[in-house]
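Descriptive structure summary
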Amino acid sequence: MKRGFRILLFIIVFILLIVACFFGWGFIEEQFHHAQGVYYIYKGDKAYFKNNMKKTLYYYKKGLELYPEHYEAWFNLGNIYAVHEDYFAAIEAYEQAIKNNPKYILARMNLGIVYSEDLGDFDSAIEQYDAIIKNKYRTLYIPKVYNNKKSTKENIGVAYYNRGLAFRLKSIYLPDEKRHLAGEFVEKAIESYKKAQKYLKKDYANSYNMGLAYHVNGDYTNAAINYCKAIEYSPMSFEAHYNLAVLLRQLHFYRESLDEFQKAALIISEDPNATNQAVYVFNLLNEATRLLIFNEQNVIEHLTDEPMYSYSYTYVGGKLVPTEELDKAILNNFKKCAGEIIFLENNND
């Protein structure tokens, strides 16, 4: 047994000597440090899942001292800093990840989000999203084994979407002397959403935000059309129903506005965390009802004698959701967009 162990040890030493002759002792030492670094990063992962942030940071920093090229560890460290609102440390970590892997989509994406949503540096955020879009990525498809084509396309779509959000936010926070540029930035946001749409099929958030951008820019036809698309993709989401209701009221389509306000009110009333918002929506609903009665006296009897929704519905996690017990009629009703035909006809004209 001892003899066999000695032979094995001799072989290992012999191999190391050969490697040292070819690559130098520095190469062996570097690989040893890398192995140590990976071990500490693994320990950091375990500490993170146990929610021990002190140990997590210690092991990650220790691991990256030994293996500073480990871009995934820098990315994880950036995420930890971002969650704990240490945004400048997060930026530094994401930048280290990108330095070691310039095509690391997730690191650029998260860096852009921190710049835009947390620090208000919209230009730096757009720069990161543009880098994601412009980079050329290797895609590989092996049937039933590996396929990154879909995820790569979706990531590019998300980059376009986030780019649109950054441009819209930039238009909102312009200083007074540059307010005249707001429309230009909203147009760039719309352009980004359109490109995102090619990659993100039937995406509620992209359609809703495109509608919002058109709404802000005064293109009410395209605003309504995109709100309607968002409603089709996610019938039980509050925002698109509410914004469409506001738009319809603004254009004096009071009957259609009332329809959308009722849907928005029903959805928001099931959210226990949105009490103030629900009160505001119900006030708008009452106002829409009064406007309709004032402008269409012939519908008063219909409004008072026949409630619009008399179907049963169920709850999951405190939210209204369609189930087998939910009458299909109400889901179809929520999917239908009040006044859609009006705007489609205008768009065709």
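Residues numbered from 1 in each chain as written. Predicted model: local features only at pLDDT ≥ 70, side-chain atom pairs only at ≥ 80, totals over all residues. Heavy atoms only, no water.

This brings us to the overall build of the protein chain. From N to C terminus, the protein chain includes 17 helices and four strands. The buried share of the protein chain, taken over its 349 residues, is 41%. For the protein chain, the proportion of contacts with a sequence separation of at least 24, taken over those separated by at least 6, is 54%. As presented, the protein chain carries roughly 21,100 Å² of accessible surface, and 54% of it is formed by carbon and sulfur atoms. (Helix = DSSP H or I, 4+ residues; strand = E, 2+ residues; numbered from the N terminus. Buried < 20%, exposed > 50% of the residue type's maximum accessible area, 1.4 Å probe, protein only. Contact = heavy atoms within 4.5 Å. Areas by Shrake-Rupley, 256 points an atom, 1.4 Å probe, with all protein chains shown as cover.)

On to the confidence of the model for the protein chain, then. A low pLDDT score tells you not to read the predicted coordinates there in detail. Here the protein chain averages 78 in pLDDT, and 66% of its residues register 70 or above. Segment residues 297-327: pLDDT under 50, and 44 contacts once partners within four positions in sequence are set aside and those in other chains are kept. (pLDDT = per-residue confidence, 0-100.)

Secondary-structure assignment places T152 in helix α8 (residues 149-172). Judged by its relative accessible area of 11%, T152 is buried. Each C-alpha atom of the pair T152 and I105 lies 8.8 Å from the other, and the pair is 47 residues apart in sequence.

What follows concerns unusual backbone geometry. One non-glycine residue with positive phi stands out, namely E85, at about 60 degrees. With respect to the helices and strands, the residue E85 is situated in the loop between α4 (71-83) and α5 (87-100). Despite not being glycine, H252 has its phi angle at roughly 70 degrees, a positive value. Given a relative accessible area of 55%, H252 falls into the exposed group.

Opposite charge on two side chains permits pairing when their charged atoms draw close. Taken as a whole and assessed by the stated rule, the structure comprises six salt bridges. Where R163 meets D130, a salt bridge forms, and the shortest distance between an N and an O atom there is 2.7 Å. Taken as a pair, R163 in helix α8 and D130 in helix α7 (residues 122-134) lie far apart in primary sequence, 33 residues in all. Each member of the pair, R163 as well as D130, is classed as buried. A salt bridge links K263 to D259, with the nearest nitrogen and oxygen atoms 3.8 Å apart. (Salt bridge = Lys/Arg side-chain N within 4 Å of Asp/Glu carboxyl O.)

Its 15 residues give helix α13 (residues 254-268) an end-to-end C-alpha distance of 21 Å, which sits within 8% of 21 Å, the value for a rise of 1.5 Å per residue. The buried fraction of α13 amounts to 13 of the 15 residues, a majority that puts the element mostly inside the structure. (Expected span 1.5 Å × (residues − 1).)

So, on to the side chain of Q128. Relative to the elements of secondary structure, Q128 occurs in helix α7. Once you skip the residues sitting within four places of it in the chain, Q128 turns out to touch I98, R108, L111 and G112.

Here we come to the environment of K170. Along the chain, K170 turns up in helix α8. Spatially, the C-alpha atoms of K170 and D123 are 8.3 Å apart, while their sequence positions differ by 47 residues. Contact partners of K170, with chain neighbours within four places excluded, come to F122, D123 and F185.

Tallying each qualifying case throughout the model produces 15 aromatic pairs. Ring geometry for Y161 against Y193: centres 6.1 Å apart, planes inclined by 45 degrees, an arrangement best described as tilted. Here the residue Y161 occupies a position in helix α8, and Y193 occupies one in helix α9 (residues 182-199), the gap between them amounting to 32 residues. The exposure class assigned to Y193 is buried, which follows from its relative accessible area of 0%. (Phe/Tyr/Trp six-rings, centres within 6.5 Å; stacked < 30°, edge-to-face > 60°.)

A separate point is the nonpolar core. The biggest cluster of nonpolar side chains holds 67 residues, and the ones touching the most others in it are L77, Y94, Y193, Y208, Y227 and L244. The biggest single contributor to this core is α5, with eight residues. Core analysis: the second largest hydrophobic core is formed by seven residues, F238, Y242, I267 and I268 among them. (Core = buried A, V, L, I, M, F, W, Y, C linked by side-chain atoms within 4.5 Å.)

Okay, the packing of α5 against helix α6 (residues 105-118) next. Look at α5 against α6: their axes get within 9 Å of each other, and the N-to-C directions meet at 155 degrees. Here α5 lies roughly antiparallel to α6, going by the angle between them. By crossing handedness, the relation of α5 to α6 is classed as left-handed. Two secondary-structure elements touch here, α5 through Y87, I91, Y94, E95, A97 and I98 and α6 through A107, R108, N110, L111, V114, Y115 and D118. Taken together, the residues of the contact of α5 with α6 break down into nine nonpolar, one polar and three charged. (Axes fitted to C-alpha atoms, helices over the stretch in contact; angles between N-to-C directions. Parallel < 35°, antiparallel > 145°, perpendicular 65-115°, else oblique. Left-handed = near helix turned anticlockwise from the far one by under 90°. Nonpolar A, V, L, I, M, F, W, Y, C, P; charged D, E, K, R; others polar.)

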